[in-house]
Amino acid sequence: MLDHERVSAKLAKFRPSLTLALKTLVGERESKGLPVYDFGLGETKGDLHPKIAAAGADAFTRGQTMYADPGGLPELRREVLRWLGQESHYGPHNVVITTGAKQALFNVFLAVCNPADCVLFDAAPWVSYQPLAVGAYAFPVMVLPLARSASRLKITPADLERNLDARPHTRLFLLNNPVNPTAQLYDADEVEGLLRVCVQRRVYFVLDRLYWRLVFDGNRFPEPRIDEHTRPWLIQIDGLSKNFRRTGGLRIGWSVAPDDVTKAMVNLQSHYTSGPAVPTQQAALAAIDHVYNDDLVRELEAKRDLLVEHSRALPHVDIWETPATFYSFWDVTGCFGKRTPAGDTIATSDDVAAYLIREAGVVTASGQAFMQDGYLRLSFATSDRDIVEGMKGARKALGQLT
Ligand code: PLP
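Residues numbered from 1 in each chain as written. Predicted model: local features only at pLDDT ≥ 70, side-chain atom pairs only at ≥ 80, totals over all residues. Heavy atoms only, no water.

Novice: I'm lost on the sheet that holds strand E5 (residues 170-176) in this one. Help?
Specialist: Within a sheet, adjacent strands bond to each other through the backbone by hydrogen bonds, running parallel or antiparallel. Taking strand neighbours across the sheet as the criterion, the seven strands line up as E2-E8-E7-E6-E5-E3-E4 in an open arrangement whose pairing is mixed. Strands at the two margins of the open sheet, each flanked by one partner only, are strand E2 (95-98) and strand E4 (139-142). For this sheet the average axis-to-axis angle between neighbouring strands, irrespective of direction, equals 20°. Judged from the four bridges that link them, strand E3 (residues 118-121) and E4 form a sheet pairing that is parallel. The partner of phenylalanine 121 across the bridge, within E4, is methionine 142. The strands touched by helix H4 (residues 74-84) are E2, strand E7 (234-239) and strand E8 (253-256); relative to E2, the strand with the most contacts, the crossing angle is about 105°. (Pairing = 2+ DSSP bridges. Helix = DSSP H or I, 4+ residues; strand = E, 2+ residues; numbered from the N terminus. Axes fitted to C-alpha atoms, helices over the stretch in contact; angles between N-to-C directions. Contact = heavy atoms within 4.5 Å.)

Now the structure itself:
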């Protein structure tokens, strides 16, 4: 047996998760004593709320470590609906608690797709959508707008319809709103337009709303319409990882879905995880069972403003506005064809990202990981000092391109 045949052809093609690769790169530079301004990782910092920590610790102390309902703790499933303001539309039997939002997404692909069914993603899909879909033997396709930069990579109902016409075996359309990586926010009309197409075409509308609390400038997250027409086709994915401080590693997510799809996912989960760890579910319950503290939103909004101030008129890049999330999205096609002081020619987003790390210690995420060459994503969920110093370094490095 050849070495490359020792794992399945499907998994042999997977690249490791980009975010984890960045973590390694950051560690390497730090071990050499070089300054690093880390805009790479999509994770909030700060302290874990003491209530969340205490609930997890208490669950261990009280021995809440036995097998539980594979769909999740009933009280957490109930609380998720209150957190989303959807108690009047759904019951706990519509909720599945998962090991992060990632597993909720994987559950959906596994539950609704037959082999080779097509799944449609929006124009800048988050890094793991494709591997998760392929892992479920589905066929992922990106829906592209006709004019990329002008539309800020947002797609319209007409874009979606064009793709549905071309691919009759489509099972679902997955929209991430607010969008990681572009930081754009589809408004209520835009969401409704896409949802309506899905309902008409009897295709699932999967809404990944993981950043839904992190909406700035006094705006609110546009909730999807939930009624008897949309409910059979609407699946929502959410979780603990982004809207709180330091909760990504708790690995708790959830889905809210129609009865039949939820039943299939709980059944599946009963065979492969038996549900997430009970103490972390208790920690999640402590996070969402009180009024949401929007300190984090205000702090991130201030960081967004700081980054805007210090990145004004950076050479060769076009920085998009950030109405939500904690990402700044840069169109770096203006760097393409330019030469670095070392004499290399920049040809791709990966080249720009590598140049910024090498020259200025500025760590970003290259658009190539999001299947969109020509862009960089920067996470500003970092220290104010890193934002100011990092932008100073980026300005100098970009200014040296000729
Ligand atoms: N969906 C989006 C858009 C994300 O950005 C992420 C994580 O970065 C996930 C899903 C997965 O979330 P989790 O860490 O809860 O598995």
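Novice: Just to check I follow, could you spell out the sheet that holds strand E9 (residues 318-319) for this structure?
Specialist: Spatial strand order, E9-E10-E13-E12: four strands in an open sheet with antiparallel pairing. Strand pairing shows two members of the sheet lacking a second neighbour, E9 and strand E12 (365-366), which therefore form its edges. With two bridges connecting them, E9 and strand E10 (residues 327-331) associate as antiparallel partners. Bridge assignment links isoleucine 319 to a residue of E10, and that residue is tryptophan 330.

Novice: What's the story with the site of the ligand in this structure? I'm lost.
Specialist: Near the ligand you find 14 residues, and of these Ala101, Asn180, Asp208, Ser241 and Arg251 are the closest. The separation between an oxygen atom of the ligand and a polar side-chain atom of tryptophan 126 is 3.5 Å. Side-chain polar atom of aspartate 208 to a nitrogen atom of the ligand: 2.6 Å apart, as the coordinates give it. When residues of the shell around the ligand are assigned to their parent elements, the largest contribution, four residues, is made by helix H5 (residues 100-112). When grouped by side-chain class, the residues that make up the shell around the ligand number six nonpolar, four polar and four charged. (Near = heavy atom within 4 Å. Polar contact = N/O pair within 3.5 Å; in protein donor to acceptor, adjacent residues only side chain to side chain. Nonpolar A, V, L, I, M, F, W, Y, C, P; charged D, E, K, R; others polar.)

Novice: Looking at this model, I keep getting lost on the packing of helix H12 (residues 349-360) against helix H13 (residues 384-399). Mind explaining?
Specialist: Geometry of a packed helix pair, given as the angle between the helix axes and the separation of the axes. Axis separation between H12 and H13 bottoms out at 9 Å; the angle between their running directions is 110°. For the element pair H12 / H13, the angle class is roughly perpendicular. At the point where H12 passes H13, the crossing takes the right-handed sense. Seen from H12, the contacting residues are Tyr355, Leu356, Glu359 and Ala360; seen from H13, they are Gly393, Ala394, Ala397 and Leu398. Taken together, the residues of the contact of H12 with H13 sort by class into six nonpolar, one polar and one charged. (Parallel < 35°, antiparallel > 145°, perpendicular 65-115°, else oblique. Left-handed = near helix turned anticlockwise from the far one by under 90°.)

Novice: Would you mind going over unusual backbone geometry with me for this structure?
Specialist: When glycine is set aside, most residues are seen to have a negative phi, and most peptide bonds are trans. Looking along the chain, the bond that leaves asparagine 177 and enters proline 178 is cis, with omega of -10°. Residue placement: proline 178 occurs in the loop between E5 and helix H8 (188-201). Residue proline 181 follows asparagine 180 across a cis peptide bond; omega there is 25°. Relative to the elements of secondary structure, proline 181 occurs in the loop between E5 and H8. Non-glycine residue leucine 153 carries a positive phi angle of around 60°. Within the secondary structure, leucine 153 is located in the loop between E4 and helix H7 (157-166). In the Ramachandran plot, alanine 313 falls in the positive-phi region, its phi being about 55° despite a non-glycine side chain. Locating alanine 313 in the fold gives a position in the loop between helix H11 (295-310) and E9.

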